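Here is how the chains run, residue by residue.
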Amino acid sequence: MLNRSSVMAIRNKIIAGALAALALVATAASASAAPAFATTNVNVRSGPGTGYDVVGTLRRGEQVDLQYCRGSWCFVERRGADGWVSSSYLARDGYDRPRPPTWDPYPPRPPVWNPRPPRPPHWDPYPPHWGGGWGPRPPRPPVWNPRPPRPGSSVCYNGPNGYFCIGD
């Protein structure tokens, strides 16, 4: 049989082993902090919300260690003061830096001026009157007819070479 001192020694060893395992798990959890990048300039706050004080600022592209998140706020460790950042401004997979513009050998052509643009399909040269409804079309200008309107009559015209008449 085991005496009381040997039982206490075994119990202490079990407790020490459990504490060592717990410490190993805790250090592994803290070592598994994921890297994250700021997608824009963003404030680092003392708590998870905009009501907390600003303790620093992350610059766009700056890398931080993401520890854990609570709702839409994440606790980050960084150079300087650690704190909380909105998860909307963090990227875990990497930071997409803006690419420089590429040279296009065929730039778009400038628009061509059209002196007679097409009329819209609803265009009507005779707009409605203020009272509503469509008004009558304006009278057409008279067309000069070289023949007299009735047989046996004449038509007179003041032309560029003088006054002349046609008909009876």
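Residues numbered from 1 in each chain as written. Predicted model: local features only at pLDDT ≥ 70, side-chain atom pairs only at ≥ 80, totals over all residues. Heavy atoms only, no water.

### Looking at the overall build of the protein chain
Of regular secondary structure, the protein chain possesses 1 helix and 9 strands. In sequence order, the protein chain lays out its α and β elements as α-β-β-β-β-β-β-β-β-β. Relative to its 168 residues, the protein chain shows a buried fraction of 17%. Looking at the protein chain alone, contacts between residues at least 24 apart form 38% of all its contacts between residues at least 6 apart. (Helix = DSSP H or I, 4+ residues; strand = E, 2+ residues; numbered from the N terminus. Buried < 20%, exposed > 50% of the residue type's maximum accessible area, 1.4 Å probe, protein only. Contact = heavy atoms within 4.5 Å.)

### Let's talk about the state of the cysteines
What the rule picks out here adds up to 1 disulfide. Here Cys69 pairs with Cys74 through a disulfide, and the sulfurs are 2.0 Å apart. Between Cys69 and Cys74, the S-S dihedral sits near 95°, and the bridge is therefore right-handed. Cys69 sits in the partly exposed class, given a relative accessible area of 43%. (Disulfide = S-S within 2.5 Å.)

### Considering the side chain of Arg78
With respect to the secondary-structure elements, Arg78 resides in the loop between strand S5 (73-77) and strand S6 (83-86). Judged by relative accessible area, Arg78 falls into the buried class, the value being 16%.

### Focus on the side chain of Arg45
Turning to its location among the elements, Arg45 is positioned in strand S2 (residues 42-45). One buried charge, Arg45, has no salt-bridge partner; the nearest side chain with opposite charge is Asp53, at 6.7 Å. Of the polar contacts made by the side chain of Arg45, one reaches the backbone oxygen of Tyr52; its length is 2.8 Å. In contact with Arg45, not counting residues within four places along its chain, are Thr50, Tyr52, Asp53, Val54, Val55, Trp73, Gly83 and Trp84. (Lys, Arg positive; Asp, Glu negative; His and termini not counted. Salt bridge = Lys/Arg side-chain N within 4 Å of Asp/Glu carboxyl O. Polar contact = N/O pair within 3.5 Å; in protein donor to acceptor, adjacent residues only side chain to side chain.)

### Focus on the nonpolar core
Membership of the largest hydrophobic core is limited to 11 residues, which are Ala36, Ala38, Val42, Val44, Leu58, Val64, Leu66, Cys74, Val76, Val85 and Leu90. At the level of elements, strand S1 (34-38), S2, strand S4 (63-70) and S5 are the ones that each hand at least two residues to this core. (Core = buried A, V, L, I, M, F, W, Y, C linked by side-chain atoms within 4.5 Å.)

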